[in-house]
Amino acid sequence: MITRLIISSLAVLITALTLDGVTVEPWWWALIVAVVLGLINSWIRPLVKFLALPVNLLTLGLFTLVINGAMVMLCSWMLKPHFEVDGLGWAIGFSLVLMLVSWMLHLFFPSKSKKKKK
């Protein structure tokens, strides 16, 4: 669990450094952003996805990008002085780049459960 938290924090920090419209200051706030974003994605996002199901079906799932961006914007609003996103477009970009960076970091640092399966 601690390894996943460190990887998520590192992914948030790398993504924030990559995108101009996203700032995390000071750098160690990436850990708090990772925790808050994880809580938002596990508690609020499923409810929003369920409520937006008709729109999501009409857009063939593309509305999920807007939902992910809105969750990043919510996290930014909650952690305002230390984590800032300049708009919904940057939030959607942040969620996409964060997904890619997290995937790449998990390839280099697999969890113990994946090591045991091999």
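Residues numbered from 1 in each chain as written. Predicted model: local features only at pLDDT ≥ 70, side-chain atom pairs only at ≥ 80, totals over all residues. Heavy atoms only, no water.

A. Focus on the nonpolar core. Of all hydrophobic cores here, the largest spans 26 residues; its most connected members are V12, C75, F83 and F94. The set of elements that each furnish at least two residues to this core consists of α1 (2-18), β1 (22-24), α2 (29-51), α4 (63-78), β2 (83-85) and α5 (88-108). It is α2 that provides the largest number of residues to this core, a total of 7 residues. In this view, V12 contacts V24, A30, V33, A34, F94 and L98; residues no more than four positions away in its chain are not counted. (Core = buried A, V, L, I, M, F, W, Y, C linked by side-chain atoms within 4.5 Å. Buried < 20%, exposed > 50% of the residue type's maximum accessible area, 1.4 Å probe, protein only. Helix = DSSP H or I, 4+ residues; strand = E, 2+ residues; numbered from the N terminus. Contact = heavy atoms within 4.5 Å.)

B. How the structure looks around α2. Here α2 is 23 residues long and its end C-alpha atoms lie 31 Å apart, about the 33 Å a rise of 1.5 Å per residue gives. Of all the bends in α2, the greatest, near 40°, is centred on I44, and the proline P46 appears no more than four residues after it. What α2 keeps buried is the set W29, A30, V33, A34, V36, L37 and I40. On its buried face, α2 is in contact with α1, β1, α4, β2 and α5. (Expected span 1.5 Å × (residues − 1). Bend = angle between axes of the 7 residues up to and from the residue.)

C. Focus on the packing of α2 against α4. Running from N to C, α2 and α4 point in directions that differ by 135°, and their axes come no closer than 9 Å. The angle between the axes of α2 and α4 places the two elements in the oblique class. The handedness of the crossing between α2 and α4 comes out as right-handed. Contacts between α2 and α4 involve V33, V36, L37, I40, N41, I44, R45, V48 and K49 from the former and T64, I67, N68, M71, V72, L74, C75 and M78 from the latter. (Axes fitted to C-alpha atoms, helices over the stretch in contact; angles between N-to-C directions. Parallel < 35°, antiparallel > 145°, perpendicular 65-115°, else oblique. Left-handed = near helix turned anticlockwise from the far one by under 90°.)

D. Highlighting the packing of aromatic side chains. All chains considered together, the criterion is met by 2 aromatic pairs. An angle of 35° between the planes, with centres 5.9 Å apart, marks the rings of W28 and W29 as tilted. Note on W28: relative accessible area 46%, which makes it partly exposed. (Phe/Tyr/Trp six-rings, centres within 6.5 Å; stacked < 30°, edge-to-face > 60°.)

E. Geometry of α5. If you check α5, its first and last C-alpha atoms are 30 Å apart, about what 21 residues at 1.5 Å a residue would give, namely 30 Å. Taken together, the buried positions of α5 are occupied by A91, I92, F94, S95, L98, V101, S102 and L105. Tucked into the core, α5 has its buried residues touching α1, β1, α2, α4 and β2.

F. Inspection of unusual backbone geometry at higher detail. Cis rather than trans, the peptide bond between E25 and P26 has omega equal to -10°. Structurally, P26 is set in the loop between β1 and α2. Positive phi values are uncommon outside glycine, yet L60 reaches one of about 55°. With respect to the helices and strands, L60 occurs in the loop between α3 (53-58) and α4.

G. Focus on the side chain of N68. With respect to the element layout, N68 can be found in helix α4. At 2.8 Å, the side chain of N68 forms a polar contact with the side chain of R45. In contact with N68, not counting residues within four places along its chain, are R45 and S95. (Polar contact = N/O pair within 3.5 Å; in protein donor to acceptor, adjacent residues only side chain to side chain.)

It is worth stressing that arrangement in space is one thing and function is another; only the former is reported here.
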